[in-house]
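Per-entry structural report
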Amino acid sequence: NMKSRYLTVLFNSLLATNNVKYAGKTLEFRLNNPKNFIYKGKKNIDAILVDDVVTTKTTLNQAKNVLKKDNVNVVLSIVLANLSK
């Protein structure tokens, strides 16, 4: 629900080539098994990075590093999480 006249959502632009699952895994496992993202979107832009949950920031850090190589400036990272039980 990121629709806005001020934002353009880029779907399927940042793709993981390694579909490893991080749920319940240690930081060591996450660092040894990167998602190996590739970016196929617009270059030289400012971006907001959105993830569904944050545990160790591993996925966000990997994504940000890949985007940086294509001159995508991540100005904000947003995590969508439901903390209610």
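Everything below is about the structure shown above.
For the structure given in this document, a descriptive report is provided here.

**Focus: the overall build of the protein**
Along its length, the protein carries two helices and four strands. For the protein, the N- to C-terminal ordering of α and β elements is β-α-β-β-α-β. Counting the 85 residues in the protein, one finds 25% classified as buried. With the model as given, the accessible surface of the protein reaches about 6800 Å², and the carbon-plus-sulfur share is 52%. Each charge class in the protein was averaged separately, 14 positive and 5 negative side chains, and the resulting centres sit 3 Å apart.

**Regarding the pairing of strand β4 (residues 72-79)**
The sheet contact formed by strand β3 (residues 45-51) and β4 spans seven bridges and is parallel. Bridge pairing in β4 links Ile45 to Val72. For the crossover from β3 across helix α2 (residues 58-69) to β4, the handedness is right-handed.

**Details of the nonpolar core**
Side chains of nonpolar character tend, in soluble globular proteins, to be buried together. Within the largest apolar cluster, ten residues are counted, these being Phe37, Tyr39, Ala47, Leu49, Leu60, Ala63, Val66, Leu67, Val72 and Val74. For this core, the elements supplying multiple residues, two or more each, are β2 (37-39), β3, α2 and β4. Ranked by the residues each element gives to this core, the list is headed by α2, at four residues. Not counting residues within four places of it along the chain, the set of residues in contact with Ala63 comprises Leu14, Phe37 and Leu49.

**With respect to the environment of Ala16**
Take Ala16: it is sitting in strand β1 (residues 14-16). For Ala16, a relative accessible area of 30% corresponds to the partly exposed category. Along the backbone, Ala16 and Leu60 are 44 residues apart, and their C-alpha atoms lie at a distance of 12 Å. With residues up to four places along the chain from it excluded, the contact list for Ala16 reads Lys35, Asn36 and Phe37.

**Some details on the side chain of Asp51**
Residue position: Asp51 is located in strand β3. Comment: no salt bridge for buried Asp51; closest opposite-charge side chain is Lys35, at 7.8 Å.

**Notes on unusual backbone geometry**
In the Ramachandran plot, Asn36 falls in the positive-phi region, its phi being about 55 degrees despite a non-glycine side chain. Mapped onto the secondary structure, Asn36 falls in the loop between α1 (27-32) and β2. One non-glycine residue, Lys57, lies in the positive phi region at around 70 degrees. Within the fold, Lys57 resides in the loop between β3 and α2.

Cut-off values and rules
Residues numbered from 1 in each chain as written. Predicted model: local features only at pLDDT ≥ 70, side-chain atom pairs only at ≥ 80, totals over all residues. Heavy atoms only, no water. Helix = DSSP H or I, 4+ residues; strand = E, 2+ residues; numbered from the N terminus. Buried < 20%, exposed > 50% of the residue type's maximum accessible area, 1.4 Å probe, protein only. Areas by Shrake-Rupley, 256 points an atom, 1.4 Å probe, with all protein chains shown as cover. Lys, Arg positive; Asp, Glu negative; His and termini not counted. Charge placed at Lys NZ, Arg CZ, Asp CG, Glu CD. Pairing = 2+ DSSP bridges. Right-handed = clockwise from strand over helix to strand, strands pointing away. Core = buried A, V, L, I, M, F, W, Y, C linked by side-chain atoms within 4.5 Å. Contact = heavy atoms within 4.5 Å. Salt bridge = Lys/Arg side-chain N within 4 Å of Asp/Glu carboxyl O.

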